[in-house]
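Chain by chain, the residues run as shown.
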Amino acid sequence: MHLASNAGYGAEADDLARRYEGRGAADLHAAELHLFPAEPCRVLEIGAGTGRDAAWLAGLGHTVTATEPTAEMLAHARRLHGDSGVVWLPAGLPELPGVGGEFDFVLLSAVWMHLDAGERAAGMRRLAGLLAPGGRVFLTLRHGPVPEGRRMFDVSGDETVELGAVHGLDAVENSTGHADYSGRPGVSWTRVLLARPS
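Residues numbered from 1 in each chain as written. Predicted model: local features only at pLDDT ≥ 70, side-chain atom pairs only at ≥ 80, totals over all residues. Heavy atoms only, no water.

Colleague: When you look at the packing of aromatic side chains in this model, what are you seeing that I'm missing?
Modeller: Think of a pair of aromatic rings as described by two things: how far the centres are apart, and how the planes are tilted against each other in angle. This structure, assessed with the given rule, holds 3 aromatic pairs. With 5.3 Å between their ring centres and 45° between their planes, Phe 36 and Phe 105 make a pair best called tilted. Of this pair, Phe 36 sits in the loop between α2 (25–28) and β1 (42–46) while Phe 105 sits in strand β4 (residues 103–109), and the two are 69 residues apart along the sequence. The pair Phe 36 / Phe 105 is uniform in exposure class, with both members buried. Put simply, the rings of Phe 36, Trp 56, Phe 105 and Phe 138 touch in pairs and so form one group of aromatic residues. (Phe/Tyr/Trp six-rings, centres within 6.5 Å; stacked < 30°, edge-to-face > 60°. Helix = DSSP H or I, 4+ residues; strand = E, 2+ residues; numbered from the N terminus. Buried < 20%, exposed > 50% of the residue type's maximum accessible area, 1.4 Å probe, protein only.)

Colleague: Hey, could you run me through the nonpolar core in this one?
Modeller: Across soluble globular proteins, nonpolar side chains show a tendency to be buried alongside one another. The biggest cluster of nonpolar side chains holds 28 residues, and the ones touching the most others in it are Ile 46, Leu 93, Val 106, Leu 108, Trp 112 and Leu 127. Only β1, β4, α5 (117–130), β5 (131–143), α6 (157–166) and β7 (188–195) provide two or more residues apiece to this core. Core analysis: the second largest hydrophobic core is formed by 20 residues, Ala 48, Leu 74, Val 86 and Phe 138 among them. (Core = buried A, V, L, I, M, F, W, Y, C linked by side-chain atoms within 4.5 Å.)

Colleague: Explain helix α4 (residues 71–81) to me, please; I cannot follow it from the model alone.
Modeller: Turn by turn, an α-helix covers 3.6 residues, leaving residues three or four places apart pointing in a common direction. Among the residues of α4, those classed as buried are Met 73, Leu 74, His 76, Ala 77 and His 81. Projected onto a plane normal to the axis of α4, the buried residues spread over an arc of 155° and lie on a single side. Away from the buried face of α4 by more than 90 degrees, exposed residues Ala 71 and Arg 79 are located. (Arc of directions from axis to C-beta.)

Colleague: What's the story with the sheet that holds strand β2 (residues 63–67) in this structure? I'm lost.
Modeller: Note on sheets: strands pair through backbone hydrogen bonds, and any given pair is parallel or antiparallel. What the 7 strands build is an open sheet, ordered β3-β2-β1-β4-β5-β7-β6; its pairing is mixed. The strands lining the two open edges of the sheet, one partner per strand, are β3 (87–89) and β6 (170–179). Within this sheet the neighbouring strands show an average axis-to-axis angle of 15°, counted without direction. With 6 bridges connecting them, β4 and β5 associate as parallel partners. The residue bridging Val 106 from the neighbouring strand is Val 137, located in β5. Sitting on the sheet, α6 touches β5, β6 and β7, and the angle it makes with β7 is about 15°. (Pairing = 2+ DSSP bridges. Axes fitted to C-alpha atoms, helices over the stretch in contact; angles between N-to-C directions. Contact = heavy atoms within 4.5 Å.)

Colleague: Looking at this model, I keep getting lost on unusual backbone geometry. Mind explaining?
Modeller: The bulk of non-glycine residues show a negative phi, and the bulk of peptide bonds are trans. Of note, the bond from Leu 93 into Pro 94 is cis; its omega dihedral lies within 30 degrees of zero at 10°. Here Pro 94 is to be found in the loop between β3 and β4. A positive phi angle, close to 60°, is found at Ala 110, a residue other than glycine. Within the fold, Ala 110 resides in the loop between β4 and α5. Judged by its relative accessible area of 22%, Ala 110 is partly exposed.

Colleague: Would you mind going over the pattern of salt bridges with me for this structure?
Modeller: Pairing between side chains of opposite charge can happen when the charged atoms of each approach one another. This model, assessed by the stated rule, comprises 7 salt bridges. In this structure, Arg 52 engages Asp 53 in a salt bridge whose closest nitrogen and oxygen atoms are separated by 2.8 Å. A relative accessible area of 3% means that Asp 53 is categorised as buried. When salt bridges that share partners are traced, they join Asp 116, Glu 119 and Arg 151 into one network. (Salt bridge = Lys/Arg side-chain N within 4 Å of Asp/Glu carboxyl O.)

Colleague: Before we go on, may I ask you to explain α6 in this structure?
Modeller: All of the buried residues in α6 are Gly 157, Thr 160, Val 161, Leu 163 and Gly 164. One side of α6 holds all its buried residues, which, seen down the axis, span an arc of 165°. Within α6, the exposed residues directed more than 90 degrees away from the buried face are Glu 162 and Val 166. Contact partners of the buried residues in α6: α5, β5, β6 and β7.

Colleague: What should I look at first to understand the pairing of β5 in this one?
Modeller: One face of the sheet, then the other: side chains in a regular strand alternate in exactly this way. With 10 of 13 residues buried, β5 is to be regarded as a mostly interior element. With α5 bridging β4 and the parallel β5, this β-α-β connection has right-handed handedness. Direction of pairing for β5 relative to β7: antiparallel, over a ladder of 8 bridges. Pairing of Thr 140 across the sheet is with Arg 191, part of β7. (Right-handed = clockwise from strand over helix to strand, strands pointing away.)

Encoded structure:
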């Protein structure tokens, strides 16, 4: 059976919302904050889930657009963070329908490894086209056991960097072996930061 890239998230949306919202974004991203923009800018979060990170970034003064392809997750985002000033869009990679303009920072937290090779190729081309000069894309890649009912691929930081280079993006960060935020056995993370030249 062919699973969609967001398989499993709709059925588990209520439980995931409780889990995701149980930990603050600033705490979750503490070890990687140096990779986030320091000054207010135009931010796009892709695969925003319950909107926790998008709302946090908006609270820091950024102008935030957030996409989420799973209707149930997007409903939680709008309910929980509807007053955050975030623009919410029901869209997912690789097409990102309805997303336009240029962004200074694009966040994909635990999203990229859900895409197959063809979707990653098309998705990177789309991401590169959305970046303003000097803009950056920050991705986290999950490694380890795949939860039942989900679709994930073992995507390396090196592959992601090489794909970015095809579309003119330079590697700023490519680091592996980061501990799982929730302490799940066998799960680790890679961080990748790509930049469009100014």
